[in-house]
Amino acid sequence: MLETMEKIMENTAGAIMTPEFVRLRADMRADEAIRAVRASGLDSDAIYTIYVAGADGRLLGTLEMRTLLAAPDEAKLDSLMDTAFYAVKTDDDQQTAAMLVRKYDLISLPVTDEAGRLVGAIGVNNIVDVIEDEDTEDFERMAALVPSEDDYAVSSVWTLALHRLPWLLILMASSVLCAWLIQSYEALLLASAMGGVMVSNMPMLMDTGGNAGSQSSTLIIRAMALGDLSPRDTGVALGKELLTSLICGLGLGAVNFLRMVWISGNTKLEAAAISLAVCLTVIVANSLGALLPMLARLLRIDPALMAGPLLTTVVDVLSLMILFGLVTAIA
């Protein structure tokens, strides 16, 4: 046990587990088990689940307290316990434990060492704290903030600024690419009859791409957090997002075409070029929104880093490239 505790690292299941749990033998009778629970004097949310272990300390099954209380006195625990249980190892990420508790509505979760020996348990109260901390970090990263453990009310303005400035500098530098790209096509914008239409529709095109990418990445990140998706499901997720983006892109493109022709008075060629750019931008943005979080998880990087402003900046550049490429081909 001491050797196991020495190997525990921060943000792992072992770091948030408690040694206060009920462990009983598989050959115990129900009445003996109830007396043992009373004798333990345990005051923890882990008491609602009893863990049944063998002589070697290996976890054999779990037993809900209500099942034990309703069982006949002579019933053996090995006949009452559930052998289809969920458990985590001490070095598993705490997010894995949180995902299991949230997905399967568990009250507590056993923690074992590499040999499968029971060493601790994680109560739902600790899991709630983990979920809150992890969600806060994800929100901060998606908003291009350096995660902070300090409360906003007690943070100084210098601390707040230092947590925002690094990402703002990175995003500002990446936004320079958009300016460089526009300058590169300055001659096209000035010479082409569609130059004015292109400039007036750039904000709409970039915003639409950013919104589409953010929608896709948010759904993918949530699905990964709940354990519904993993990097091996990249092909499935990408295929689904491609079909979804095609439907959304065609719908947005059609509405934009009608807007430009009927309301703005543009020619059908101008409306078709901008609308096609909208459709292609949505497809590219959705694809990146699905791929980048998956790639981040594969590289063991927080997927939230790939969402929000960073994704939006990349999509902005690509949307301009699509627009300029289409107009150049038409011209």
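Now for a look at the structure at hand. The shown structure was predicted, so the numbers you read here are calculated from the model rather than taken from an experiment. (Residues numbered from 1 in each chain as written. Predicted model: local features only at pLDDT ≥ 70, side-chain atom pairs only at ≥ 80, totals over all residues. Heavy atoms only, no water.)

**Focus on unusual backbone geometry**
Now for step 1: A positive phi is found at Asp-105, a non-glycine position, where the angle reads about 55°.
Now for step 2: With respect to the helices and strands, Asp-105 occurs in the loop between helix 6 (94-104) and strand 5 (108-112).
Now for step 3: Take Asp-105: its relative accessible area is 66%, and that puts it in the exposed class. (Helix = DSSP H or I, 4+ residues; strand = E, 2+ residues; numbered from the N terminus. Buried < 20%, exposed > 50% of the residue type's maximum accessible area, 1.4 Å probe, protein only.)

**Focus on the pattern of salt bridges**
Now for step 1: All told, the structure shown has four salt bridges when counted by the stated rule.
Now for step 2: The partner of Asp-31 in a salt bridge is Arg-29, with the nearest N and O atoms 3.0 Å apart.
Now for step 3: For Asp-31, a relative accessible area of 16% gives the class buried.
Now for step 4: In this structure, Arg-117 engages Asp-113 in a salt bridge whose closest nitrogen and oxygen atoms are separated by 3.0 Å.
Now for step 5: Given the relative accessible area of 40%, Arg-117 is considered partly exposed.
Now for step 6: Accessibility expressed as a relative area gives 7% for Asp-113, which makes it buried. (Salt bridge = Lys/Arg side-chain N within 4 Å of Asp/Glu carboxyl O.)

**Looking at the pairing of strand 6 (residues 118-123)**
Now for step 1: Burial within strand 6 is extensive, with six of its six residues counted as buried.
Now for step 2: Across five bridges, strand 5 lies against strand 6 in antiparallel orientation. From the neighbouring strand, Leu-109 faces strand 6, where its bridge partner is Ile-122.
Now for step 3: What sits between the antiparallel neighbours strand 5 and strand 6 is a turn of five residues, in which Gly-116 has the positive phi angle 85°. (Pairing = 2+ DSSP bridges.)

**Describing the packing of helix 11 (residues 234-263) against helix 12 (residues 268-298)**
Now for step 1: Contact pair helix 11 / helix 12: the axes reach a minimum separation of 8 Å and the direction vectors enclose 155°. Between helix 11 and helix 12, the angle is such that the two are roughly antiparallel. Seen from above, helix 11 lies across helix 12 with right-handed handedness.
Now for step 2: When grouped by side-chain class, the residues that make up the contact of helix 11 with helix 12 number 20 nonpolar, eight polar and three charged. (Axes fitted to C-alpha atoms, helices over the stretch in contact; angles between N-to-C directions. Parallel < 35°, antiparallel > 145°, perpendicular 65-115°, else oblique. Left-handed = near helix turned anticlockwise from the far one by under 90°. Nonpolar A, V, L, I, M, F, W, Y, C, P; charged D, E, K, R; others polar.)

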